[in-house]
Structure formats: C-alpha cells, structure tokens
Amino acid sequence: MKGLIKSYIDKLEISKLNEFASENDIDLSNSELEYLLNLVKNNFEDILVNEDKYLNLVQKNINPNAFIKVKELYLYYKNRYKGYLF
C-alpha cells in the first residue's frame, strides 16, 4: 500500500491539492499549498508515524482556519484507512 501512496504523491501537483482543498472548503494561498505539497512529498512515511510533529509544523505555516480543517481531514482519512497504512 505504501508503494501506491508514494506513487500517487510523486504525481501530485499543486492544482490537484488546491482542487481537493477547495472541495473541502479550505482556503489556502499558493505559498501554503506549496508548503503542504513539499511537506507531504518529502515526509509522507514519517507523517504517518509522527503526526504530532507534522501537525505542529503545519499549524505554524498555514492560516488558523485552514489548519483546523486540514487537521480534521488528516485525522478522518488516517482513521478511515488505518488498516491499510500500518
């Protein structure tokens, strides 16, 4: 499963990330989108293990309203797919 996730993340672009954010009523600037994309592309395996570390980093680098929604989505999808991730 991690191979599939890595393949998807490698192909992920800012436009797709922005589309997903918009569909979930999350307003992010281009710099915030770039930050999140780079964070995920460079740390996706560690994010699944050290979520507090990365949630703290995200909280410091995106607007507070967006952070709340991003955190909710992260926890929702992590819980939904936990059987496949670990």
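Heads up: the structure comes first, above all this text.
Read on for an overview of the structure. (Residues numbered from 1 in each chain as written. Predicted model: local features only at pLDDT ≥ 70, side-chain atom pairs only at ≥ 80, totals over all residues. Heavy atoms only, no water.)

1. Re the packing of helix H1 (residues 2-11) against helix H3 (residues 30-49)
Two numbers describe how H1 lies on H3: the axes approach to 9 Å, and their chain directions differ by 170°. Between H1 and H3, the angle falls in the class roughly antiparallel. Contact residues: H1 offers Lys2, Ile5, Lys6, Ile9 and Asp10, while H3 offers Val40, Lys41, Phe44 and Glu45. Split by residue class, the contact of H1 with H3 holds 4 nonpolar, no polar and 5 charged. (Axes fitted to C-alpha atoms, helices over the stretch in contact; angles between N-to-C directions. Helix = DSSP H or I, 4+ residues; strand = E, 2+ residues; numbered from the N terminus. Parallel < 35°, antiparallel > 145°, perpendicular 65-115°, else oblique. Contact = heavy atoms within 4.5 Å. Nonpolar A, V, L, I, M, F, W, Y, C, P; charged D, E, K, R; others polar.)

2. Things to note about the environment of Ser29
Note that Ser29 resides in the loop between helix H2 (14-23) and H3. The exposure class of Ser29 is partly exposed, given its relative accessible area of 32%. Note: C-alpha distance between Ser29 and Ile62 (33 residues apart in sequence) is 8.5 Å. A distance of 3.1 Å separates polar atoms of two side chains, one belonging to Ser29 and the other to Ser31. (Buried < 20%, exposed > 50% of the residue type's maximum accessible area, 1.4 Å probe, protein only. Polar contact = N/O pair within 3.5 Å; in protein donor to acceptor, adjacent residues only side chain to side chain.)

3. Focus: the side chain of Glu51
Of note, Glu51 is situated in helix H4 (residues 51-61). In terms of polar contacts, Glu51 uses its side chain to reach the side chain of Lys78, at 2.2 Å. For Glu51, the residues in contact, after removing those within four places along its chain, are Tyr74, Leu75 and Lys78.

4. Points about the packing of H2 against H3
Relative orientation and spacing of two packed helices are given, respectively, by the angle between their axes and the distance between those axes. Remark: H2 packs on H3, axes separated minimally by 10 Å, with the N-to-C direction vectors making an angle of 110°. Classified by the angle their axes make, H2 and H3 are roughly perpendicular. Contact residues: H2 offers Ile14, Leu17 and Asn18, while H3 offers Leu33, Glu34, Leu36 and Leu37. For the contact of H2 with H3, the class distribution of residues is 5 nonpolar, 1 polar and 1 charged.

5. Concerning a nonpolar patch on the surface
A surface patch of nonpolar side chains, about 730 Å² in accessible area, is lined by Met1, Leu4, Phe20, Tyr76, Tyr77, Tyr81 and Tyr84. Mapped onto the elements, Phe20 comes out in helix H2. (Patch = residues over 30% accessible without salt bridge, like charges linked within 9 Å, V, L, I, M, F, W, Y side chains within 5 Å. Areas by Shrake-Rupley, 256 points an atom, 1.4 Å probe, with all protein chains shown as cover. Salt bridge = Lys/Arg side-chain N within 4 Å of Asp/Glu carboxyl O.)

6. Some points on the packing of aromatic side chains
Overall, the coordinates contain 3 aromatic pairs when judged by the stated rule. Ring plane angle 80° and centroid distance 4.9 Å describe the contact between Tyr76 and Tyr77, whose orientation is recorded as edge-to-face. Taking 6.2 Å as the distance between ring centres and 5° as the angle between the ring planes, the aromatic pair formed by Tyr77 and Tyr81 counts as stacked. Note on Tyr77: relative accessible area 31%, which makes it partly exposed. (Phe/Tyr/Trp six-rings, centres within 6.5 Å; stacked < 30°, edge-to-face > 60°.)

Take it as geometry only, folks, not as evidence of what the structure does.
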